[in-house]
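Listed below are the residues making up each chain.
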Amino acid sequence: MSAKIISGVEIAKAIREELTVVVTELKDKHNVVPGLVTILVGENPASVSYVTAKSKTAKALGIYSEQVDLPADTSEEKLLALIDQYNNDEKINGILVQLPLPKHINEAKVLYAIDPNKDVDGFHPVNVGKMVLGEQCFLPCTPHGILEMLERSGVETSGKEVVVLGRSNIVGKPIANLMLQKRPSGNATVTLCHTRTKDTDFHTRRADIIIAAVGVPNLVKANQVKDGVVIIDVGVNRIGMSESGKAILAGDVDFNEVKEKASFITPVPGGVGPMTITMLMKNTVQAAKQAAGLI
Ligand code: GUN
């Protein structure tokens, strides 16, 4: 058996088309233009390409976009002042500070400074708390994208054994929490494995759905999964450079091996990546609607 490929490119395109209709309607009926600012500190090549893609996608959808690129030695104080400025800027509905931040900046302090109503990343503790309680909030973009991919691909999650690999605040912890909730793409029995898990293979071999978010290229092999498993590969690992200077990417799952055993699998690139950016746009539109009192 060879797996059905879940194309993040295609699903993201469909969601973006839906969003374009909403953005046009907001402008025509309510004179509301959603606004997003992306803030990057330093020049980490992966971060530069993510932030550029985020602003480009925003503009393509008719979302007002500002991109602030700051030098790596920017002080925490200066960054906090900039966030305060955007918290009070009515043109801006969403504030995204690209992570990771340079070591001299306290990440938590920065994330806590963002107005929770403009926290389109869903990283502020108010939004994290609401997410855990199953209340309306901004969902973090990558987990949100995974839920959409599962739902739109018709993958049943209710009562299934889901194994999440990796306990990051951005992916592992939130996706594990969301999938155990009573919600679409939820109602699963969830196990979260991490670096101190005693026997990760025991868990992956019994998993109906594996969500890999560890940042180790090709870590999950065919002999560690069961027939018919559903694979969501969040890893974006740079494993080399092509002759034309483009990064060569690999996921956390050995795609070539595992696709022969899986029923569904996401590729890298073209899987979860495009979904993350699209869900950021969805959150920005939601923030604009909320600010205008439309929801
Ligand atoms: N770094 C890696 N993923 C993300 C994300 O989803 N949002 C932000 N702000 N930074 C990231």
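Right, let's walk through the structure included here. Everything numeric in this text was worked out from a predicted model, so none of it was measured.

1. Considerations on the sheet that holds strand β2 (residues 35-41)
Next, step 1: Taken in spatial order, the three strands of this open sheet run β3-β2-β4, and their pairing is parallel. Because the sheet does not close on itself, it has two edges, and the strands there are β3 (64-70) and β4 (94-97). Averaged over neighbouring strand pairs, the angle between their axes works out to 15° when direction is ignored.
Next, step 2: Pairing analysis gives seven bridges linking β2 to β3, with the strands arranged parallel. Bridge pairing in β3 links Leu36 to Ser65.
Next, step 3: Packed on one face of the sheet, helix α2 (residues 45-60) meets β2, β3 and β4 and runs near 170° to β2.

2. Focus on unusual backbone geometry
Next, step 1: Residue Pro100 follows Leu99 across a cis peptide bond; omega there is 0°.
Next, step 2: Within the secondary structure, Pro100 is located in the loop between β4 and α4 (107-113).
Next, step 3: A cis geometry characterises the amide bond from Val268 onward to Pro269, with omega recorded as 0°.
Next, step 4: Counting through the fold element by element, Pro269 comes out in the loop between β11 (264-265) and α10 (272-291).
Next, step 5: Here the phi dihedral of Asn31 falls at roughly 55°; this positive angle occurs in a residue that is not glycine.

3. Quick word on a nonpolar patch on the surface
Next, step 1: A contiguous nonpolar surface patch, about 210 Å² in accessible area, is contributed by Val214, Val216 and Leu219.
Next, step 2: In this structure, Val216 sits in the loop between β7 (209-212) and β8 (230-233).
Next, step 3: Judged by its relative accessible area of 36%, Val216 falls in the partly exposed class.

4. Brief notes about the environment of Glu161
Next, step 1: Turning to its location among the elements, Glu161 is positioned in strand β5 (residues 161-165).
Next, step 2: Given a relative accessible area of 25%, Glu161 falls into the partly exposed group.
Next, step 3: In sequence terms Glu161 and Ile295 are 134 residues apart; their C-alpha atoms lie 35 Å from each other.
Next, step 4: Every residue in contact with Glu161, bar those within four places of it in the chain, is listed here: Thr189, Arg206, Ala207, Asp208 and Ile209.

5. Looking at the state of the cysteines
The term disulfide refers to a covalent linkage connecting the sulfur atoms of a pair of cysteines.
Next, step 1: In the structure shown here, the tally under the stated rule is zero disulfides.
Next, step 2: Just so you know, Cys137 is unpaired, no disulfide at all, and the nearest cysteine sulfur is the one on Cys141, 11 Å from it.

6. Digging into the side chain of Thr284
Next, step 1: Considering the arrangement of structural elements, one finds Thr284 in helix α10.
Next, step 2: Contact partners of Thr284, with chain neighbours within four places excluded, come to Pro34, Gly35, Leu36, Ile63, Asn93 and Val120.

7. Considerations on the site of the ligand
Next, step 1: In the neighbourhood of the ligand, the contacting residues comprise Lys54, Leu96, Val97, Gln98, Leu99, Asp121 and Phe123.
Next, step 2: Here a nitrogen atom of the ligand sits 3.0 Å away from a polar atom, N or O, in the main chain of Leu99.
Next, step 3: In this structure, a nitrogen atom belonging to the ligand sits 2.6 Å away from a side-chain N or O atom of Asp121.
Next, step 4: Burial of the ligand by the surrounding chains reaches 85%, relative to a free accessible area of 280 Å².
Next, step 5: Here the shell around the ligand is built from residues that sort into four nonpolar, one polar and two charged.

8. Details of the sheet that holds strand β6 (residues 189-193)
Next, step 1: The strand order β1-β11-β8-β7-β5-β6 describes an open sheet built from six strands, whose pairing is parallel. Because the sheet does not close on itself, it has two edges, and the strands there are β1 (4-5) and β6.
Next, step 2: Where β5 and β7 come together, four bridges link them in parallel fashion. Paired with Val164 across the two strands is Ile211, which belongs to β7.
Next, step 3: On the sheet, helix α7 (residues 172-180) packs against β5, β6 and β7 and is oriented at approximately 165° with respect to β6.

Scoring rules and cut-offs
Residues numbered from 1 in each chain as written. Predicted model: local features only at pLDDT ≥ 70, side-chain atom pairs only at ≥ 80, totals over all residues. Heavy atoms only, no water. Pairing = 2+ DSSP bridges. Helix = DSSP H or I, 4+ residues; strand = E, 2+ residues; numbered from the N terminus. Axes fitted to C-alpha atoms, helices over the stretch in contact; angles between N-to-C directions. Contact = heavy atoms within 4.5 Å. Patch = residues over 30% accessible without salt bridge, like charges linked within 9 Å, V, L, I, M, F, W, Y side chains within 5 Å. Areas by Shrake-Rupley, 256 points an atom, 1.4 Å probe, with all protein chains shown as cover. Salt bridge = Lys/Arg side-chain N within 4 Å of Asp/Glu carboxyl O. Buried < 20%, exposed > 50% of the residue type's maximum accessible area, 1.4 Å probe, protein only. Disulfide = S-S within 2.5 Å. Near = heavy atom within 4 Å. Polar contact = N/O pair within 3.5 Å; in protein donor to acceptor, adjacent residues only side chain to side chain. Nonpolar A, V, L, I, M, F, W, Y, C, P; charged D, E, K, R; others polar.

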